[in-house]
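Results of the structural survey
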Amino acid sequence: MPTPATAQTRTYQVRTFGCQMNVHDSERMAGLLEDAGYVPAGEHDDVADIVVFNTCAVRENADNRLYGNLGQLAPKKAARPGMQIAVGGCLAQKDRDTITRRAPWVDVVFGTHNVGSLPVLLERARVEREAQVEIAESLEAFPSTLPTRRDSAYAAWVAISVGCNNTCTFCIVPALRGKEKDRRPGDILAEVEALVAEGVIEITLLGQNVNAYGSDIGDRQAFSKLLRACGSVEGLERVRFTSPHPRDFTDDVIEAMATTPHVMPQLHMPLQSGSSRVLKAMRRSYRQDRYLSIVEKVRRSIPEAALTTDIIVGFPGETEEDFQETLHVVREARFAQAFTFQYSKRPGTPAAEMPGQIPKEVVQERYERLVALQEEISWAENKRQVGRTVEVLVAEGEGRKDGATHRLSGRAPDNRLVHFTRPEQPVRPGDLVTVEVTYAAPHHLLAEGAALQVRRSRAGDAWERRNAQPEPAGSGGVLLGLPTVGAPPQPAEPVGGCGIGH
């Protein structure tokens, strides 16, 4: 018979699906729970005393997936006295008490604006023995000000803004995360400096439209100033950001990227469609020529930059001519990678009610053509890297076959994934290894020769310290990807500008 969980041994899991903003929020949820005395469940446990779903309202059939997973947990909860289930994130913000009506075994429902309330709501539900539904209409505190449990010792997300002021017709995120609200630059830099003091050497600045930063505080050049300021933080070696909106991509940002050494030569800039007519229907506030002009300026100022993007295929009213315009932009921009999505209706968005919904078979056929073209370009762009020398930040979990192939894996400055031969000397996640690229595939590079240099780092030291202190119950506190019971974690998707680009 299962034994009731005690306050001293209660374990938790946070199961995340959606974009990097949700991953960032999940790290805060985990930190709050650990501050309240909970410990992470074991890595191979399929259930815990507290299971938190951090939901996404953008994915197709997101609600069906949530309720399917809640249904799987119902018998587990019945057999485990004291177990609690909480649902947060964008779908919770949208559906509210609908969740407890459809799944009455859920104990807590909380939204995107009151993440910090999670431990209190769990305790209240336990004491009062009834579900607690609390949805705030505006942000109570920036998630970055809350306690955190980061999965990485060497890299960290730093939210610089929350919410979105755009009204893209395919996206429900602004309605769920609210209007854009910017953090003060001093608060951001204080967090960055604190992270560096802990051993972090790479940060990613995060926002729904990250380069719109400053609109809330009245400074149109605030984002470029922030990039320069982050680049000057002693000990910080890599600065990235995601995801910018083309409308707000100004020349001062390109100049800051090009002239600030620690800002990485990488840009993820959502396209969504190459057709100016479709972009207008999407309310994307830029057109094909504007997008390609940004690409040209970035290429001219940062020749080694790798560009990635998001593209939606089959938006309502998209014609074959419109689709050809998208293929034209893909050929011109020569993206290193593209996250491509088939359009699907999102209830509550204007696009869901638009005429000219495209038949599924037409969308599928166009999607396959786009993927084939992008695969060809990705491979060709990666082949250009062969013979180049790159410094790789060694990562944990990037190479699933590393053990069998005797390799290590990590990211080059331009964020390309590199698998390389394991050096003779010990190398830890967070260390940096210089290698020569010898082979290219569409989605990764190989460096099959001996490492040219191994640079032990403070981040590697931080990883070593963390792993020298075993977790009480396991290290599986935050799971990424679709919240399927017992499934291994999957990588999060890009934020995608103007919400999430799919």
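Look up a bit, the structure's there.
Our subject in this report is the structure included herewith. Remember, it's a predicted structure, so these values are computed and weren't measured experimentally. Throughout this description, residue numbers start from 1 for each chain and increase along the sequence as written. Only residues with pLDDT of at least 70 get local features here, since the model is predicted, and only at 80 or more are side-chain atom pairs given and counted; chain-wide, interface and lining totals rely on the full set of residues. The basis for every side-chain value is the complete set of heavy atoms in the structure, and neither hydrogens nor water enter the calculation.

Points about the overall build of the chain
On a plain count of helices and strands, the chain comes out with 15 helices and 22 strands. Here the C-alpha radius of gyration of the chain, 23 Å, is about what a compact globule of 502 residues would show, namely 23 Å. By its C-alpha atoms, the chain is 65 × 60 × 45 Å across when sized along the principal axes. In the chain, which comprises 502 residues, the proportion classed as buried is 57%. Put simply, of all contacts in the chain between residues at least 6 apart along the chain, 76% involve residues at least 24 apart. Using the Shrake-Rupley algorithm and a 1.4 Å probe, accessible areas are obtained, with residue cover drawn only from the displayed protein chains. Carbon and sulfur atoms form 50% of the exposed surface of the chain, whose accessible area is close to 20,700 Å². Computing the positive centroid from 59 side-chain charges and the negative centroid from 65, the chain places the two 2 Å apart. Secondary structure elements are defined from DSSP: runs of H or I of at least 4 residues count as helices, runs of E of at least 2 residues count as strands, and each element is numbered from the N terminus. Within these notes, the globule rule equals 2.2 Å times the number of residues to the 0.38 power, and the radius of gyration is based on C-alpha atoms. The rule is simple: take the accessible area with a 1.4 Å probe, protein chains only, and divide by the maximum for that residue type; under 20% is buried, over 50% is exposed, in between is partly exposed. Contact definition: two residues touch when any of their heavy atoms are within 4.5 Å. Only four residue types enter the tally: Lys and Arg on the positive side, Asp and Glu on the negative side; His and the chain ends are excluded. Charge placement uses NZ in Lys and CZ in Arg. For Asp and Glu, CG and CD serve respectively.

Some details on the sheet that holds strand S21 (residues 453-455)
When DSSP finds two or more bridges between two strands, those strands count as paired. Taking strand neighbours across the sheet as the criterion, the seven strands line up as S19-S20-S17-S16-S15-S18-S21 in an open arrangement whose pairing is mixed. Here the strands that pair on one side only, and so sit at the sheet edges, are strand S19 (439-440) and S21. Across two bridges, the pairing between strand S15 (residues 389-394) and strand S16 (residues 407-411) is antiparallel. Note that in S16 the partner of Leu393 across the bridge is Arg411.

Some remarks on the packing of helix H11 (residues 288-301) against helix H12 (residues 320-333)
Between N-to-C directions, angles cover 0 to 180 degrees, with each direction set by a line fitted to C-alpha atoms, over the stretch in contact for helices. Axis separation between H11 and H12 bottoms out at 10 Å; the angle between their running directions is 10°. When the axis of H11 is compared with that of H12, the two are roughly parallel. The residues of H12 that touch H11, namely those facing Gln288, Tyr291, Leu292, Val295 and Arg299, are Glu325, His328, Val329, Glu332 and Ala333. When an angle is under 35 degrees it counts as roughly parallel; over 145 it counts as roughly antiparallel; between 65 and 115 it counts as roughly perpendicular; any other value is oblique.

Topic: the sheet that holds strand S12 (residues 266-268)
In space, the three strands of this open sheet follow the order S12-S13-S14, with parallel pairing throughout. Looking along the sheet, the strands with just one partner apiece sit at the ends: S12 and strand S14 (337-342). Taking each pair of neighbouring strands and ignoring which way they run, the sheet shows an average axis angle of 10°. Here three bridges tie S12 to strand S13 (residues 306-313), and the two strands are oriented parallel to one another. Looking at S13, one finds that His268 is bridged to Thr308. In the packing of helix H13 (residues 360-383) onto the sheet, the strands contacted are S13 and S14, and the crossing angle to S14 comes to about 175°.

Some details on helix H5 (residues 118-128)
Of all the residues in H5, the buried ones are Leu118, Pro119, Leu121, Leu122 and Ala125. The buried residues of H5 all sit within an arc of 165° when viewed along its axis, so they share a single face. Each element contacted by the buried residues of H5 is listed here: helix H1 (20-35), strand S3 (50-55), strand S4 (84-89), strand S5 (108-110) and strand S6 (132-134). One or two residues past the end of H5 sits Arg129, with phi positive at roughly 55°. Taken from the helix axis, the directions to the C-beta atoms give the arc we talk about.

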